[in-house]
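Next come the chains, spelled out residue by residue.
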Amino acid sequence: MSKTVIEVMNLRKYYGDTKAVDGIEFDLREGEVLAILGPNGAGKTTTVEMLEGLRKPDAGKIEYFEERLPPSSERVKEEIGVQLQSSSFFEYLSVKETLDLFRGLYRKSIPSKDLIKEVSMEDKEKTYTKNLSGGQLQRLAVAVALVNDPRVVFLDEPTTGLDPQARRMLWETILALKKKEKTIILTTHYMEEAERLADRIIIMDYGKIIARGTLDDLIDSIDAENIVTFGVQGEDPVPGEFLDMEGLQHVENREYSVTTRDVERILGRLFERSKRFGLLLDDVTIRKPNLEDVFITLTGRKLRD
Amino acid sequence: MSRLWNFTSGLFKSEIREFQVMFWSFIFPLILYFILTSVFGSFYESDTQGVSFRVGIVREENLAGFGKIIDEVIEGISSEGGPFVKKEYGSIDDALVDLREGRQDIVLVIPAGTNAKMTNALALTVGEVPLRVHYISGKESSTIASSIIEEVINEVNLEIERRGEGDFLDIVSETRVVSAIEEKPFDYKEYIFPGVALMMILSVALLNSPIGLIQYRVSGVNKKLYTTPLRSLEYFAGHFFKLIMTMLISLVLLYLMATFVYRVGGSIFDIRFILTLLFSMIVTISFGLMMASFSKKLSTVAVLGQSLYAIMMFLGGLYFPVFDLPWGIRWLVYALPTTYLVELSRRVMGYQFAPLSIGWLIAVPLIWTTFSLVVFAVNFKKVMGYE
Ligand SMILES: Nc1ncnc2c1ncn2[C@@H]1O[C@H](COP(=O)(O)OP(=O)(O)OP(=O)(O)O)[C@@H](O)[C@H]1O
Ligand SMILES: [Mg+2]
């Protein structure tokens, strides 16, 4: 088993009555990607910022590396790279100058050119940061997080606000880092992001970890049910009798989903009823549950409203 | 060290590229220098050619008899519309002190024995009656005043002759040169230079500096910096050097203008004068840091900065004398560090406006600096932290 890079014990941070982080524990192993998934206000940012040494925990412990260093130690600061949820830089420095400024703060660093290429900002190299778009600023923030070739990378919602192409590109960057054995902590509300990138996932809600494990672990934890989704064409509205089925949920418009352990029985019933009511089925799919389904099962709410 | 330099130069670049900074720190002071010199420079110059000179009269004996003619002359020249304003002194020492410190342009002494000499001269129909004139050579108003007196005495002699009261009598003036304590010809362009220079320094120290610090905290730039190995001491050192660099550039521009446009003399290149400016930088930067440590919000620090900037500039006597203000606000004049700083620079140039010794001029700003830095050190987490 690989080395433990960070160990988090009974971490707690309250803001008045708000239990932003309420006694969480986890550890992070060398070279793994850990995704922290949760709705707004779940405590993701508070958690990572305590790990980054930006916020002081009310209780609990954070230890880095074999030496069990606190986040405030200089060694740790040399070895971590941080992308904050909202980034701002010196407004009148260009992209390249910003990278150079931050490179200068570390003992070791990656050439600015390489970083600019990594986040595809060659054409913005000389642009002042105040003139970058939100997504460009976000990409610059990721590049800045990598200037010191960090051993541990923190990415707080790195793809929020990115267009689909930029998002996919950033995923490539993260996968490349993973190949280089970097340890990465990533927060997100995109299940797809967690599903694609993470070795392990932590789901947070109201400051607590409500589930954790690999993607498979999490999905297995909801009893390995299957999900059948389908659309209905024809008579409007869809007759209530047609929809009278256990585990059925309305997705949107005329689309529905049914959670079940017995796919065959559900499909049989659907075809039988469509014939009876003279309705047409389309887009019938059978899929494994995803993280969203896990979250809904655990909390009764959707991850994103 | 290279880490600090790299950080400082980054901060500096981002600072001076801002139009606000460019304008207020570099361009505005030059405009102000121009305006002040154009408006007040000629005003002060015409004043020296002056409507009236100040003459101190010292009577070692009161004039009587024929000697009264001298009184009449004195009354004549110091009457309304005359070239002199006179003040009578009881002792020569008092009069000379005022002359040295610039409160009189000349001192006219009527020596003991003048009456006797006048009478003698009348009786013997020949003789000199000496009057003494003390003036300061090299001080324009004093030199002019003394030649006017000379001229007046000649006129009186001619008049006596014409009236036929005796071609024998000759009132003469013995002139004595007195050296001034602070005296040198007053040059407005030079006088205002330390004022404008301090205003420049003040604008960087009280506006750019605290606003910059709070802005970096509010915007989150600081937060990102705290995740790096940069130490807080390095952060503030970088900030400090950035300010010094900005101030130096603006001072260089001001020096160029003073030298090549206004031909201000060597006094501004005196190393002691330059040291007073560096001293002012350190004092005002400390003050600005203290201000920043009081403010959580950008608007607070901006209002605080603007107000203190204006107060320190005007009540600190940067542009005009403030020691005649009513006591209701004069206490503020005495409380402000800028009062002492600008006076210190001017004292080094050879002017004296404030009734304060050099010791006070250095001690009060030092007390402010110490106090500011202590307050800042106690509060600085507020400036640095963001939680
Ligand atoms: N500085 C603070 N002062 C007061 N409350 C805070 C502070 N920071 C966070 N909180 C509260 O703590 C809770 C957790 O916030 P946090 O930013 O960690 O959530 P998050 O999971 O990152 O959410 P998001 O997905 O919106 O970024 C929220 O209820 C938030 O209002
Ligand atoms: Mg967050």
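Residues numbered from 1 in each chain as written. Chains lettered and ligands numbered in written order. Predicted model: local features only at pLDDT ≥ 70, side-chain atom pairs only at ≥ 80, totals over all residues. Heavy atoms only, no water.

Draft legend 1. Quick peek at the overall build of chain B. Each helix and strand counted, chain B has 14 helices and five strands in total. Taken over 387 residues, chain B has a buried fraction of 52%. A separation threshold of at least 6 residues defines the contact pool for chain B, and within that pool the share at least 24 residues apart is 77%. Here chain B displays about 17400 Å² of accessible surface, and carbon together with sulfur accounts for 65% of that area. (Helix = DSSP H or I, 4+ residues; strand = E, 2+ residues; numbered from the N terminus. Buried < 20%, exposed > 50% of the residue type's maximum accessible area, 1.4 Å probe, protein only. Contact = heavy atoms within 4.5 Å. Areas by Shrake-Rupley, 256 points an atom, 1.4 Å probe, with all protein chains shown as cover.)

Draft legend 2. Quick look at the interface of chain B and chain A. Facing 24 residues of chain B, the contacting portion of chain A comprises 28 residues. Roughly 2400 Å² of surface becomes buried between chain B and chain A when both sides are summed, with 59% attributable to carbon and sulfur atoms. Broken down residue by residue, the surface that chain B buries against chain A is led by Arg17, Lys224 and Thr227 of chain B, which jointly contribute 27%. The tally of links between chain B and chain A comes to four salt bridges. (Buried area = accessible area lost by both parts, 1.4 Å probe. Salt bridge = Lys/Arg side-chain N within 4 Å of Asp/Glu carboxyl O.)

Draft legend 3. Region of the structure containing a nonpolar patch on the surface. All names here are of chain B. There is a patch of nonpolar side chains on the surface, built from Ile27, Ile31, Phe34, Ile35, Val39 and Phe40 and spanning about 510 Å² of accessible area. Along the polypeptide, Val39 turns up in helix α2 (residues 19-49). Classification of Val39 as partly exposed rests on a relative accessible area of 47%. (Patch = residues over 30% accessible without salt bridge, like charges linked within 9 Å, V, L, I, M, F, W, Y side chains within 5 Å.)

Draft legend 4. Geometry of the sheet that holds strand β4 (residues 59-64) of chain A. Residue and element names in this part refer to chain A. On the basis of which strands lie adjacent, the open sheet formed by three strands has the order β2-β1-β4 and antiparallel pairing. What marks the edges here is a single partner per strand, and that holds for β2 (18-29) and β4. Averaged over neighbouring strand pairs, the angle between their axes works out to 15 degrees when direction is ignored. Both strand β1 (residues 4-15) and β2 contribute to a ladder of nine bridges, which runs antiparallel. (Pairing = 2+ DSSP bridges. Axes fitted to C-alpha atoms, helices over the stretch in contact; angles between N-to-C directions.)

Draft legend 5. How the structure looks around the packing of aromatic side chains. Residues and elements named next belong to chain A. Taken as a whole and judged by the stated rule, the model has 31 aromatic pairs over all chains. On the basis of an interplanar angle of 65 degrees and a centroid distance of 5.5 Å, the ring pair of Tyr64 and Phe65 is categorised as edge-to-face. The buried category is assigned to Tyr64, whose relative accessible area is 0%. For Phe65, a relative accessible area of 4% translates into the label buried. (Phe/Tyr/Trp six-rings, centres within 6.5 Å; stacked < 30°, edge-to-face > 60°.)

Draft legend 6. Geometry of the packing of helix α7 (residues 188-219) of chain B against helix α11 (residues 298-314) of chain B. Residues and elements named next belong to chain B. Viewed as axis vectors pointing N to C, α7 and α11 meet at an angle of 170 degrees, and their least axial separation amounts to 9 Å. Between α7 and α11, the angle falls in the class roughly antiparallel. Listed contacts from α11 to Met199, Leu202, Ser203, Leu206, Leu207, Pro210, Ile211, Ile214 and Gln215 of α7 are Leu298, Val301, Ala302, Gly305, Gln306, Leu308, Tyr309, Met312 and Met313. In terms of residue class, the contact of α7 with α11 is made up of 14 nonpolar, four polar and no charged. (Parallel < 35°, antiparallel > 145°, perpendicular 65-115°, else oblique. Nonpolar A, V, L, I, M, F, W, Y, C, P; charged D, E, K, R; others polar.)

Draft legend 7. The arrangement of the pattern of salt bridges in detail. Scanning the model with the defined rule gives 39 salt bridges over all chains in all. In this structure, Arg151 of chain A and Glu66 of chain A form a salt bridge, with 3.9 Å as the shortest nitrogen-oxygen distance. With Arg151 of chain A in the loop between α5 (134-145) and β6 (152-156) and Glu66 of chain A in the loop between β4 and α2 (74-79), this pair connects stretches of sequence that are 85 residues apart. A salt bridge links Asp270 of chain B to Arg272 of chain B; the shortest N-O distance between them is 3.3 Å. The exposure class assigned to Asp270 of chain B is partly exposed, which follows from its relative accessible area of 25%. You can call Arg272 of chain B partly exposed: its relative accessible area is 47%. Taken together, the shared-partner salt bridges connect Arg59, Asp71, Glu75, Lys86 and Glu88 of chain B into one network.

Draft legend 8. Highlighting the coordination of the magnesium ion (ligand 2). Residues and elements named next belong to chain A. Taken together, the protein ligands of the magnesium ion (ligand 2) are Thr45 (OG1) and Gln85 (OE1), with distances of 1.8 to 2.1 Å. Note that Thr45 is positioned in helix α1 (residues 44-51) and Gln85 in the loop between β5 (80-83) and α3 (95-103), a separation of 40 residues in sequence. For Thr45, a relative accessible area of 16% puts it in the buried group. What makes Gln85 partly exposed here is its relative accessible area of 35%. (Donors = N, O, S within 2.8 Å, 3.2 Å for Na, K, Ca; no water.)

Draft legend 9. The site of ligand 1, seen in detail. Residue and element names in this part refer to chain A. In the neighbourhood of ligand 1, 15 residues make up the surrounding shell, with Gly41, Lys44, Thr45, Thr46 and Gln85 lying closest. At 2.9 Å from an oxygen atom of ligand 1 is found a side-chain nitrogen or oxygen belonging to Asn40. In this structure, an oxygen atom belonging to ligand 1 sits 2.6 Å away from a side-chain N or O atom of Thr45. Isolated, ligand 1 exposes 630 Å² of accessible area, and the fraction of that covered by the protein chains is 67%. Contributing elements (two or more residues each) for the shell around ligand 1: β2 and α1. By residue number, the principal contributor to the shell around ligand 1 is α1, which donates three residues. Classifying every residue of the shell around ligand 1 by side-chain character gives four nonpolar, eight polar and three charged. (Near = heavy atom within 4 Å. Polar contact = N/O pair within 3.5 Å; in protein donor to acceptor, adjacent residues only side chain to side chain.)

Draft legend 10. Representation of the packing of helix α10 (residues 271-294) of chain B against helix α13 (residues 337-349) of chain B within the structure. Residue and element names in this part refer to chain B. Running from N to C, α10 and α13 cross one another at 175 degrees; their axes reach a closest spacing of 9 Å. Taken as axis vectors, α10 and α13 run roughly antiparallel relative to one another. Every residue of α13 that contacts α10 at Arg272, Phe273, Thr276, Leu277, Phe279, Ser280, Val283, Thr284 and Phe287 is listed here: Pro337, Leu341, Leu344, Ser345, Val348 and Met349. Its residues assigned to classes, the contact of α10 with α13 comprises ten nonpolar, four polar and one charged.

Draft legend 11. A look at the domain arrangement of chain A. Under the domain assignment, chain A is made up of domain 1 (4-219) and domain 2 (223-288). If you average the C-alpha positions of domain 1 of chain A and of domain 2 of chain A, the two centres end up 41 Å apart. (Domains from an automatic or database assignment.)

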